[in-house]
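# Summary of structural features
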Amino acid sequence: LINHSGARIVCAHSDYLEALDSVRDQLPNVEAFVSLEGARDGWLDYETLLAEATTNFVRPAVHERDLLTINYTSGTTSRPKGVMITHRNAYMNVVGILIHHPMTPADRYLWTLPMFHANGWTFVWIVTAVGASHVCLRKVNPVAVFEKVEHEAISMFCAAPTVLISIANGPEELRRKARRGVRLLTAGAPPAAATIERIEGELGWTVTQVYGLTETAPAITVGEPRPEHLRHSPQGQAAIKARQGVELVTSGELRVVDAEENEVAQDGESQGEIVVRGNVVMQGYYRDAEATEQVMRGGWFHTGDAAVVHPDGYVEIRDRLKDVIISGGENISSVEVEGTLLRHAAVQEVAIVGLPHDLWGEVPHAFVVLKTGAVATGEELRQFARARLAHFKAPHGVTFLEELPKTTTGKVQKYVLRASASKMTPSNS
(Lines give C-alpha, C1' and ligand atoms only; values in the text may rest on other atoms or scores of the structure.)
Protein backbone atom coordinates (compact mmCIF):
# COMPACT_ATOMS: atom_id res chain seq x y z
CA LEU A 1 0.00 0.00 0.00
CA ILE A 2 2.89 2.36 0.74
CA ASN A 3 4.36 1.74 -2.70
CA HIS A 4 1.00 1.80 -4.50
CA SER A 5 0.03 5.13 -2.94
CA GLY A 6 3.42 6.70 -3.72
CA ALA A 7 3.85 7.76 -0.09
CA ARG A 8 7.12 9.64 0.56
CA ILE A 9 6.77 9.88 4.34
CA VAL A 10 5.74 7.03 6.62
CA CYS A 11 4.59 7.71 10.20
CA ALA A 12 4.35 4.75 12.56
CA HIS A 13 3.51 3.91 16.15
CA SER A 14 6.30 2.33 18.18
CA ASP A 15 4.61 -1.09 17.99
CA TYR A 16 5.29 -1.18 14.24
CA LEU A 17 8.83 0.15 13.90
CA GLU A 18 10.34 -3.31 13.75
CA ALA A 19 7.88 -4.49 11.11
CA LEU A 20 8.65 -1.47 8.92
CA ASP A 21 12.40 -1.81 9.40
CA SER A 22 12.13 -5.35 8.04
CA VAL A 23 10.76 -4.11 4.69
CA ARG A 24 12.64 -0.83 4.25
CA ASP A 25 14.53 -2.25 1.29
CA GLN A 26 11.17 -2.73 -0.45
CA LEU A 27 10.16 0.94 -0.02
CA PRO A 28 12.46 2.81 -2.43
CA ASN A 29 10.32 5.96 -2.69
CA VAL A 30 10.03 6.69 1.03
CA GLU A 31 12.17 9.70 1.98
CA ALA A 32 11.51 9.83 5.73
CA PHE A 33 10.39 7.46 8.46
CA VAL A 34 8.73 9.22 11.41
CA SER A 35 8.09 7.54 14.76
CA LEU A 36 5.03 8.82 16.58
CA GLU A 37 6.73 7.72 19.82
CA GLY A 38 9.74 5.67 20.87
CA ALA A 39 12.03 6.83 18.03
CA ARG A 40 15.24 4.88 17.49
CA ASP A 41 18.10 4.83 14.97
CA GLY A 42 16.85 5.55 11.48
CA TRP A 43 13.64 7.17 12.70
CA LEU A 44 12.72 10.83 13.12
CA ASP A 45 10.84 11.71 16.32
CA TYR A 46 7.43 13.26 15.70
CA GLU A 47 7.33 15.46 18.83
CA THR A 48 10.84 16.78 18.15
CA LEU A 49 9.93 17.64 14.57
CA LEU A 50 6.83 19.43 15.81
CA ALA A 51 8.77 21.46 18.38
CA GLU A 52 11.37 22.50 15.82
CA ALA A 53 8.86 23.37 13.10
CA THR A 54 8.57 26.95 11.89
CA THR A 55 5.27 28.69 11.28
CA ASN A 56 6.75 30.65 8.39
CA PHE A 57 5.12 28.82 5.54
CA VAL A 58 2.55 29.67 2.91
CA ARG A 59 -0.49 27.45 2.95
CA PRO A 60 -1.26 26.37 -0.62
CA ALA A 61 -4.71 26.97 -2.04
CA VAL A 62 -7.01 23.99 -1.60
CA HIS A 63 -9.96 23.40 -3.90
CA GLU A 64 -12.92 21.33 -2.76
CA ARG A 65 -12.36 18.65 -5.37
CA ASP A 66 -8.66 18.27 -4.58
CA LEU A 67 -7.59 14.91 -3.23
CA LEU A 68 -7.59 14.78 0.57
CA THR A 69 -6.85 11.14 1.38
CA ILE A 70 -6.33 7.74 -0.18
CA ASN A 71 -8.10 5.20 2.02
CA TYR A 72 -7.61 1.55 1.26
CA THR A 73 -10.55 -0.83 1.37
CA SER A 74 -10.57 -3.70 3.85
CA GLY A 75 -9.64 -6.23 1.19
CA THR A 76 -12.09 -8.86 2.41
CA THR A 77 -12.39 -10.36 -1.08
CA SER A 78 -9.41 -9.08 -3.07
CA ARG A 79 -6.35 -6.85 -2.93
CA PRO A 80 -7.26 -3.54 -1.22
CA LYS A 81 -8.08 -0.67 -3.57
CA GLY A 82 -7.09 2.95 -2.93
CA VAL A 83 -10.21 5.07 -2.52
CA MET A 84 -9.65 8.71 -3.49
CA ILE A 85 -11.54 10.98 -1.09
CA THR A 86 -11.73 14.68 -1.89
CA HIS A 87 -12.06 17.61 0.50
CA ARG A 88 -15.68 17.97 -0.63
CA ASN A 89 -16.42 14.28 0.02
CA ALA A 90 -15.17 14.49 3.59
CA TYR A 91 -16.61 17.94 4.33
CA MET A 92 -20.10 16.95 3.21
CA ASN A 93 -19.93 13.84 5.36
CA VAL A 94 -18.85 15.93 8.38
CA VAL A 95 -21.75 18.34 7.88
CA GLY A 96 -24.24 15.53 7.28
CA ILE A 97 -23.33 13.63 10.44
CA LEU A 98 -23.55 16.81 12.54
CA ILE A 99 -27.02 17.56 11.15
CA HIS A 100 -28.33 14.10 11.99
CA HIS A 101 -26.23 13.47 15.09
CA PRO A 102 -25.38 16.86 16.65
CA MET A 103 -22.36 17.32 18.91
CA THR A 104 -21.19 20.25 21.05
CA PRO A 105 -17.91 21.31 22.72
CA ALA A 106 -19.19 19.60 25.89
CA ASP A 107 -19.07 16.15 24.24
CA ARG A 108 -16.30 13.72 25.12
CA TYR A 109 -15.74 11.24 22.31
CA LEU A 110 -14.10 7.84 22.88
CA TRP A 111 -12.04 6.30 20.08
CA THR A 112 -12.90 2.61 19.84
CA LEU A 113 -13.02 2.94 16.06
CA PRO A 114 -9.70 2.79 14.16
CA MET A 115 -8.85 6.23 12.80
CA PHE A 116 -7.60 4.62 9.60
CA HIS A 117 -11.04 3.10 8.92
CA ALA A 118 -12.49 5.58 6.41
CA ASN A 119 -10.80 8.37 8.40
CA GLY A 120 -12.51 7.16 11.55
CA TRP A 121 -15.81 7.62 9.68
CA THR A 122 -14.55 11.27 9.40
CA PHE A 123 -14.84 11.70 13.19
CA VAL A 124 -11.20 12.81 13.22
CA TRP A 125 -12.64 16.02 11.75
CA ILE A 126 -16.18 15.95 13.18
CA VAL A 127 -15.04 15.97 16.82
CA THR A 128 -12.40 18.61 16.08
CA ALA A 129 -14.83 20.79 14.12
CA VAL A 130 -17.15 21.22 17.12
CA GLY A 131 -14.33 21.56 19.65
CA ALA A 132 -15.24 18.37 21.51
CA SER A 133 -12.69 16.17 23.30
CA HIS A 134 -10.94 13.16 21.78
CA VAL A 135 -10.28 10.33 24.26
CA CYS A 136 -8.18 7.57 22.71
CA LEU A 137 -7.76 3.85 23.39
CA ARG A 138 -4.66 2.05 22.16
CA LYS A 139 -6.55 -1.24 22.00
CA VAL A 140 -10.23 -2.04 22.36
CA ASN A 141 -11.53 -4.38 25.02
CA PRO A 142 -14.84 -4.12 26.87
CA VAL A 143 -13.30 -3.53 30.30
CA ALA A 144 -11.27 -0.58 28.99
CA VAL A 145 -14.35 0.85 27.28
CA PHE A 146 -16.44 0.74 30.47
CA GLU A 147 -13.58 2.25 32.49
CA LYS A 148 -13.07 5.12 30.03
CA VAL A 149 -16.81 5.79 29.83
CA GLU A 150 -16.93 6.11 33.62
CA HIS A 151 -13.67 7.92 34.41
CA GLU A 152 -13.56 10.19 31.35
CA ALA A 153 -17.30 11.02 31.37
CA ILE A 154 -17.66 9.78 27.79
CA SER A 155 -20.82 10.96 26.06
CA MET A 156 -20.41 9.37 22.63
CA PHE A 157 -18.45 6.89 20.55
CA CYS A 158 -18.59 4.93 17.31
CA ALA A 159 -18.21 1.16 17.15
CA ALA A 160 -18.46 -1.65 14.64
CA PRO A 161 -21.01 -4.37 15.51
CA THR A 162 -18.23 -6.72 16.62
CA VAL A 163 -17.24 -4.17 19.26
CA LEU A 164 -20.88 -3.74 20.31
CA ILE A 165 -21.12 -7.51 20.78
CA SER A 166 -18.06 -7.52 23.03
CA ILE A 167 -19.53 -4.65 25.09
CA ALA A 168 -22.93 -6.33 25.35
CA ASN A 169 -21.16 -9.41 26.70
CA GLY A 170 -18.72 -7.55 28.94
CA PRO A 171 -18.39 -8.23 32.69
CA GLU A 172 -21.82 -8.18 34.31
CA GLU A 173 -20.74 -5.91 37.16
CA LEU A 174 -19.44 -3.28 34.74
CA ARG A 175 -22.58 -3.49 32.61
CA ARG A 176 -24.78 -3.06 35.68
CA LYS A 177 -22.88 0.03 36.88
CA ALA A 178 -22.33 1.57 33.44
CA ARG A 179 -22.76 5.32 33.04
CA ARG A 180 -26.06 5.83 31.23
CA GLY A 181 -26.98 8.18 28.39
CA VAL A 182 -24.02 7.42 26.10
CA ARG A 183 -24.76 7.89 22.39
CA LEU A 184 -23.42 5.32 19.92
CA LEU A 185 -23.12 5.22 16.17
CA THR A 186 -22.59 1.79 14.64
CA ALA A 187 -21.70 0.82 11.08
CA GLY A 188 -19.34 -1.40 9.12
CA ALA A 189 -21.70 -4.39 8.98
CA PRO A 190 -25.41 -4.88 9.67
CA PRO A 191 -25.81 -5.08 13.47
CA ALA A 192 -28.11 -7.67 14.96
CA ALA A 193 -31.34 -6.38 16.52
CA ALA A 194 -30.58 -8.52 19.58
CA THR A 195 -27.31 -6.64 20.15
CA ILE A 196 -28.99 -3.23 19.85
CA GLU A 197 -31.78 -4.35 22.18
CA ARG A 198 -29.30 -5.43 24.81
CA ILE A 199 -27.11 -2.31 24.62
CA GLU A 200 -30.10 0.00 24.92
CA GLY A 201 -32.08 -2.07 27.43
CA GLU A 202 -29.29 -3.05 29.82
CA LEU A 203 -26.91 -0.11 29.57
CA GLY A 204 -29.29 2.71 28.79
CA TRP A 205 -27.17 3.75 25.81
CA THR A 206 -28.70 4.96 22.53
CA VAL A 207 -27.65 3.17 19.34
CA THR A 208 -28.05 4.74 15.89
CA GLN A 209 -26.93 2.94 12.78
CA VAL A 210 -25.32 4.65 9.82
CA TYR A 211 -24.46 2.88 6.59
CA GLY A 212 -21.82 3.50 4.02
CA LEU A 213 -18.55 2.36 2.54
CA THR A 214 -14.99 3.62 2.31
CA GLU A 215 -15.97 4.66 -1.24
CA THR A 216 -18.68 6.99 0.09
CA ALA A 217 -16.60 8.96 2.58
CA PRO A 218 -18.28 6.94 4.30
CA ALA A 219 -21.88 7.67 5.43
CA ILE A 220 -24.80 7.36 3.01
CA THR A 221 -27.76 6.57 5.24
CA VAL A 222 -28.83 6.90 8.85
CA GLY A 223 -31.35 4.75 10.69
CA GLU A 224 -32.92 7.65 12.53
CA PRO A 225 -35.74 6.78 14.95
CA ARG A 226 -39.11 8.25 14.05
CA PRO A 227 -41.90 9.12 16.54
CA GLU A 228 -44.09 6.31 15.23
CA HIS A 229 -41.38 3.77 16.04
CA LEU A 230 -42.09 4.33 19.74
CA ARG A 231 -45.37 2.45 19.33
CA HIS A 232 -43.39 -0.77 18.94
CA SER A 233 -42.04 -2.98 21.71
CA PRO A 234 -38.34 -2.62 22.61
CA GLN A 235 -37.69 -5.70 20.49
CA GLY A 236 -39.62 -4.17 17.58
CA GLN A 237 -37.78 -0.86 17.91
CA ALA A 238 -34.45 -2.71 17.89
CA ALA A 239 -35.47 -4.53 14.70
CA ILE A 240 -36.17 -1.17 13.02
CA LYS A 241 -32.87 0.26 14.29
CA ALA A 242 -31.08 -2.69 12.68
CA ARG A 243 -32.20 -1.30 9.30
CA GLN A 244 -29.87 1.04 7.47
CA GLY A 245 -32.44 3.83 7.08
CA VAL A 246 -32.61 6.73 4.65
CA GLU A 247 -30.12 9.11 3.05
CA LEU A 248 -28.36 11.79 5.09
CA VAL A 249 -29.49 15.18 3.87
CA THR A 250 -26.01 15.84 2.43
CA SER A 251 -25.08 12.45 1.00
CA GLY A 252 -26.96 12.41 -2.31
CA GLU A 253 -29.26 9.85 -3.88
CA LEU A 254 -29.76 6.18 -3.08
CA ARG A 255 -31.69 3.56 -5.03
CA VAL A 256 -32.11 -0.20 -4.72
CA VAL A 257 -32.19 -1.70 -8.21
CA ASP A 258 -32.64 -5.08 -9.86
CA ALA A 259 -30.36 -6.64 -12.48
CA GLU A 260 -31.89 -4.35 -15.15
CA GLU A 261 -31.20 -1.25 -13.01
CA ASN A 262 -34.91 -0.77 -12.26
CA GLU A 263 -35.91 0.27 -8.75
CA VAL A 264 -37.38 -2.53 -6.65
CA ALA A 265 -40.78 -2.23 -5.00
CA GLN A 266 -40.93 -0.73 -1.50
CA ASP A 267 -42.45 -3.87 -0.01
CA GLY A 268 -39.71 -5.06 2.31
CA GLU A 269 -39.35 -8.22 0.21
CA SER A 270 -38.12 -7.36 -3.29
CA GLN A 271 -34.33 -7.51 -3.23
CA GLY A 272 -31.83 -5.54 -5.27
CA GLU A 273 -28.45 -3.81 -5.10
CA ILE A 274 -27.87 -0.48 -3.39
CA VAL A 275 -26.53 2.14 -5.82
CA VAL A 276 -25.71 5.75 -4.93
CA ARG A 277 -24.49 9.00 -6.42
CA GLY A 278 -23.84 12.45 -5.05
CA ASN A 279 -21.64 14.52 -2.76
CA VAL A 280 -19.90 11.77 -0.83
CA VAL A 281 -19.04 9.32 -3.62
CA MET A 282 -15.30 8.93 -4.15
CA GLN A 283 -13.36 10.42 -7.03
CA GLY A 284 -12.36 6.88 -8.02
CA TYR A 285 -9.84 4.16 -7.22
CA TYR A 286 -6.26 5.39 -7.29
CA ARG A 287 -4.35 4.12 -10.32
CA ASP A 288 -7.17 1.69 -11.19
CA ALA A 289 -9.39 3.08 -13.94
CA GLU A 290 -10.79 -0.36 -14.78
CA ALA A 291 -12.06 -1.02 -11.24
CA THR A 292 -13.46 2.53 -11.07
CA GLU A 293 -15.38 2.08 -14.31
CA GLN A 294 -16.74 -1.25 -13.13
CA VAL A 295 -18.33 0.12 -9.95
CA MET A 296 -19.46 3.45 -11.43
CA ARG A 297 -21.71 2.02 -14.12
CA GLY A 298 -24.22 4.52 -15.48
CA GLY A 299 -22.93 7.23 -13.16
CA TRP A 300 -24.02 5.35 -10.03
CA PHE A 301 -21.68 3.73 -7.52
CA HIS A 302 -22.64 0.07 -7.19
CA THR A 303 -22.11 -0.95 -3.57
CA GLY A 304 -22.39 -4.73 -3.89
CA ASP A 305 -24.89 -4.73 -0.99
CA ALA A 306 -28.15 -6.62 -1.45
CA ALA A 307 -31.08 -4.86 0.21
CA VAL A 308 -34.83 -4.36 0.38
CA VAL A 309 -36.80 -1.13 0.81
CA HIS A 310 -39.61 -1.05 3.36
CA PRO A 311 -42.88 0.85 2.75
CA ASP A 312 -41.62 3.75 4.90
CA GLY A 313 -38.58 4.11 2.61
CA TYR A 314 -36.10 2.63 5.08
CA VAL A 315 -33.48 0.46 3.42
CA GLU A 316 -32.48 -2.84 5.01
CA ILE A 317 -29.38 -4.74 3.89
CA ARG A 318 -29.96 -8.46 3.56
CA ASP A 319 -26.39 -9.39 2.61
CA ARG A 320 -23.37 -8.64 0.53
CA LEU A 321 -24.27 -9.87 -2.96
CA LYS A 322 -21.32 -12.25 -2.82
CA ASP A 323 -22.55 -13.68 0.51
CA VAL A 324 -26.12 -14.47 -0.53
CA ILE A 325 -26.58 -18.24 -0.29
CA ILE A 326 -28.65 -19.79 -3.08
CA SER A 327 -30.00 -23.12 -1.87
CA GLY A 328 -32.30 -25.08 -4.14
CA GLY A 329 -33.12 -21.89 -6.01
CA GLU A 330 -34.03 -19.99 -2.83
CA ASN A 331 -32.04 -16.98 -1.61
CA ILE A 332 -30.85 -17.11 1.99
CA SER A 333 -29.60 -14.00 3.76
CA SER A 334 -26.63 -14.82 5.96
CA VAL A 335 -27.38 -11.64 7.92
CA GLU A 336 -30.88 -12.90 8.78
CA VAL A 337 -29.61 -16.28 9.98
CA GLU A 338 -26.81 -14.64 11.99
CA GLY A 339 -29.28 -12.28 13.64
CA THR A 340 -31.48 -15.20 14.64
CA LEU A 341 -28.67 -17.25 16.18
CA LEU A 342 -27.42 -14.21 18.11
CA ARG A 343 -30.65 -14.38 20.11
CA HIS A 344 -29.55 -17.72 21.56
CA ALA A 345 -28.37 -17.19 25.13
CA ALA A 346 -25.08 -19.06 24.58
CA VAL A 347 -24.00 -17.39 21.31
CA GLN A 348 -21.62 -14.43 21.35
CA GLU A 349 -20.67 -14.22 17.67
CA VAL A 350 -21.70 -16.07 14.53
CA ALA A 351 -20.91 -16.03 10.82
CA ILE A 352 -22.93 -17.87 8.17
CA VAL A 353 -21.34 -19.00 4.90
CA GLY A 354 -22.50 -21.23 2.06
CA LEU A 355 -21.09 -24.73 1.68
CA PRO A 356 -21.36 -26.77 -1.53
CA HIS A 357 -24.08 -29.41 -1.46
CA ASP A 358 -24.75 -32.12 -4.04
CA LEU A 359 -28.55 -31.73 -3.95
CA TRP A 360 -29.19 -28.07 -3.05
CA GLY A 361 -26.16 -26.46 -4.71
CA GLU A 362 -25.10 -24.84 -1.44
CA VAL A 363 -26.41 -24.75 2.12
CA PRO A 364 -25.78 -22.44 5.09
CA HIS A 365 -23.11 -23.39 7.59
CA ALA A 366 -22.63 -21.64 10.95
CA PHE A 367 -19.32 -20.69 12.54
CA VAL A 368 -20.07 -19.90 16.17
CA VAL A 369 -18.21 -18.36 19.09
CA LEU A 370 -19.87 -19.15 22.41
CA LYS A 371 -19.96 -16.84 25.39
CA THR A 372 -17.40 -17.55 28.09
CA GLY A 373 -18.59 -20.48 30.17
CA ALA A 374 -21.62 -21.14 27.94
CA VAL A 375 -22.43 -24.56 26.50
CA ALA A 376 -24.44 -25.45 23.40
CA THR A 377 -24.44 -28.19 20.79
CA GLY A 378 -24.59 -27.80 17.06
CA GLU A 379 -27.92 -29.62 16.93
CA GLU A 380 -29.33 -27.34 19.61
CA LEU A 381 -28.43 -24.27 17.56
CA ARG A 382 -29.80 -25.82 14.37
CA GLN A 383 -33.13 -26.49 16.04
CA PHE A 384 -33.15 -22.99 17.55
CA ALA A 385 -32.83 -21.55 14.05
CA ARG A 386 -35.39 -23.95 12.53
CA ALA A 387 -37.95 -22.88 15.12
CA ARG A 388 -37.61 -19.23 14.08
CA LEU A 389 -36.87 -19.36 10.35
CA ALA A 390 -38.07 -21.18 7.27
CA HIS A 391 -36.41 -24.59 7.62
CA PHE A 392 -34.29 -24.26 4.48
CA LYS A 393 -32.60 -21.20 6.04
CA ALA A 394 -31.38 -23.07 9.12
CA PRO A 395 -27.69 -24.04 9.09
CA HIS A 396 -26.99 -27.61 8.00
CA GLY A 397 -23.87 -27.70 10.15
CA VAL A 398 -22.21 -25.81 12.99
CA THR A 399 -18.51 -25.33 13.69
CA PHE A 400 -17.43 -23.88 17.02
CA LEU A 401 -14.44 -21.50 17.06
CA GLU A 402 -12.54 -19.59 19.73
CA GLU A 403 -12.77 -16.47 17.58
CA LEU A 404 -13.86 -15.41 14.09
CA PRO A 405 -11.20 -14.20 11.63
CA LYS A 406 -11.55 -10.43 11.17
CA THR A 407 -9.95 -7.56 9.32
CA THR A 408 -8.36 -4.72 11.29
CA THR A 409 -11.63 -2.81 10.85
CA GLY A 410 -13.61 -5.56 12.59
CA LYS A 411 -15.22 -7.15 9.54
CA VAL A 412 -15.51 -10.93 9.52
CA GLN A 413 -13.36 -12.50 6.80
CA LYS A 414 -15.86 -14.93 5.35
CA TYR A 415 -13.49 -15.96 2.59
CA VAL A 416 -11.22 -17.41 5.28
CA LEU A 417 -14.15 -19.34 6.70
CA ARG A 418 -15.13 -20.56 3.23
CA ALA A 419 -11.60 -21.84 2.68
CA SER A 420 -11.73 -23.84 5.90
CA ALA A 421 -15.29 -24.92 5.21
CA SER A 422 -14.30 -26.35 1.83
CA LYS A 423 -12.50 -29.12 3.72
CA MET A 424 -15.70 -30.13 5.54
CA THR A 425 -19.06 -31.53 4.56
CA PRO A 426 -22.33 -30.56 6.23
CA SER A 427 -22.93 -34.13 7.30
CA ASN A 428 -19.80 -34.45 9.45
CA SER A 429 -19.41 -30.89 10.83
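Residue numbering note: each chain is counted from 1, following its sequence as written. Local features are withheld for residues below a pLDDT of 70 in this predicted model, meaning they are given only at 70 or higher, and side-chain atom pairs are given and counted only at 80 or more; totals for whole chains, interfaces and linings count all residues. Heavy atoms throughout the structure, all of them, feed into the side-chain values; hydrogens and water do not.

Before going further, it helps to examine the packing of aromatic side chains. Stacked, tilted and edge-to-face are the three classes assigned to paired rings of Phe, Tyr and Trp, where Trp is represented by its six-membered ring and a pair needs centres within 6.5 Å; plane angles under 30 degrees give stacked, over 60 edge-to-face, the rest tilted. Counted according to the given criterion, the structure contains 5 aromatic pairs. Residues Tyr 109 and Phe 123 carry aromatic rings whose centres are separated by 5.1 Å and whose planes lie at 10° to one another, so their mutual orientation is stacked. Of this pair, Tyr 109 sits in strand β6 (residues 108-111) while Phe 123 sits in helix α6 (residues 123-129); the two residues are 14 residues apart in sequence, bridging distant segments of the chain. The burial state of Tyr 109 is the same as that of Phe 123; both residues are buried. Where helices and strands are cited, they refer to DSSP runs of H or I of at least four residues and of E of at least two residues respectively, numbered from the N terminus. Burial classes: relative accessible area under 20% of the type maximum marks a residue as buried, over 50% as exposed, and values in between as partly exposed (1.4 Å probe, protein chains only).

Turning our eyes to something else, we now look at the pairing of strand β20 (residues 347-357). When you tally the buried positions in β20, you get 9 out of 11 residues, the bulk of the element. Two strands qualify as a pair provided that DSSP identifies no fewer than 2 bridges between them. Sheet topology note: the β20/strand β21 (residues 361-370) ladder contains 10 bridges and is antiparallel. When the bridges of β21 are listed, Ile 352 appears paired with Ala 366. As consecutive antiparallel partners, β20 and β21 are separated by 3 residues.

On to the nonpolar core, then. The definition of a nonpolar core used throughout is a set of buried Ala, Val, Leu, Ile, Met, Phe, Trp, Tyr and Cys residues joined through side-chain atoms within 4.5 Å. Membership of the largest hydrophobic core comes to 25 residues, with the highest contact counts inside it found for Leu 110, Val 149, Phe 157, Ile 167, Leu 184, Ile 199 and Trp 205. Contributing elements (two or more residues each) for this core: α7 (142-151), β8 (156-159), α8 (161-168) and α10 (193-203). Note on contacts: a residue pair is in contact if any heavy atoms of the two residues lie within 4.5 Å. Excluding residues that lie within four positions of it along the chain, Trp 205 makes contacts with Phe 146, Val 149, Phe 157, Ile 167, Ala 178, Arg 179, Arg 180, Gly 181, Val 182, Leu 184, Ile 199 and Glu 200. Within the second largest apolar cluster, 24 residues are counted, among which are Leu 213, Ile 220, Ile 274 and Met 282.

As a further point, take a nonpolar patch on the surface. Judged by side-chain polarity, Leu 36, Tyr 46 and Leu 50 come together as a nonpolar surface patch covering roughly 260 Å² of accessible area. Residue placement: Tyr 46 occurs in helix α3 (residues 46-52). We classify Tyr 46 as partly exposed; its relative accessible area is 34%. Candidates for patches are residues over 30% relative accessible area with no salt bridge; among them, like charges are joined within 9 Å and nonpolar side chains (Val, Leu, Ile, Met, Phe, Trp, Tyr) within 5 Å. Note that accessible areas follow from Shrake-Rupley with a 1.4 Å probe, and for residues the cover is restricted to the protein chains shown. Any Lys or Arg side-chain nitrogen found within 4 Å of a carboxyl oxygen on Asp or Glu counts as a salt bridge.

Time to look at the pairing of strand β17 (residues 315-320). Within β17, 5 of the 6 residues are buried, which leaves it mostly tucked inside the rest of the structure. Sheet analysis places strand β16 (residues 301-309) next to β17, joined by 5 bridges and oriented antiparallel. By the bridge assignment for β17, Val 309 is matched with Val 315. Hairpin connection from β16 to β17: 5 residues lie between these consecutive antiparallel strands, with Gly 313 at a positive phi of about 90°.

What follows concerns unusual backbone geometry. Along the chain, Ala 217 connects to Pro 218 via a cis peptide bond; the corresponding omega equals 0°. One can find Pro 218 in the loop between β10 (206-212) and β11 (219-222). Within the chain, Trp 121 stands out as a residue other than glycine whose phi angle is a positive 55°. Locating Trp 121 in the fold gives a position in helix α5 (residues 118-121). By relative accessible area, which is 6% here, Trp 121 ends up buried. Despite not being glycine, Thr 122 shows a phi value in the positive range, around 70°. Position of Thr 122 among the secondary structure elements: in the loop between α5 and α6.

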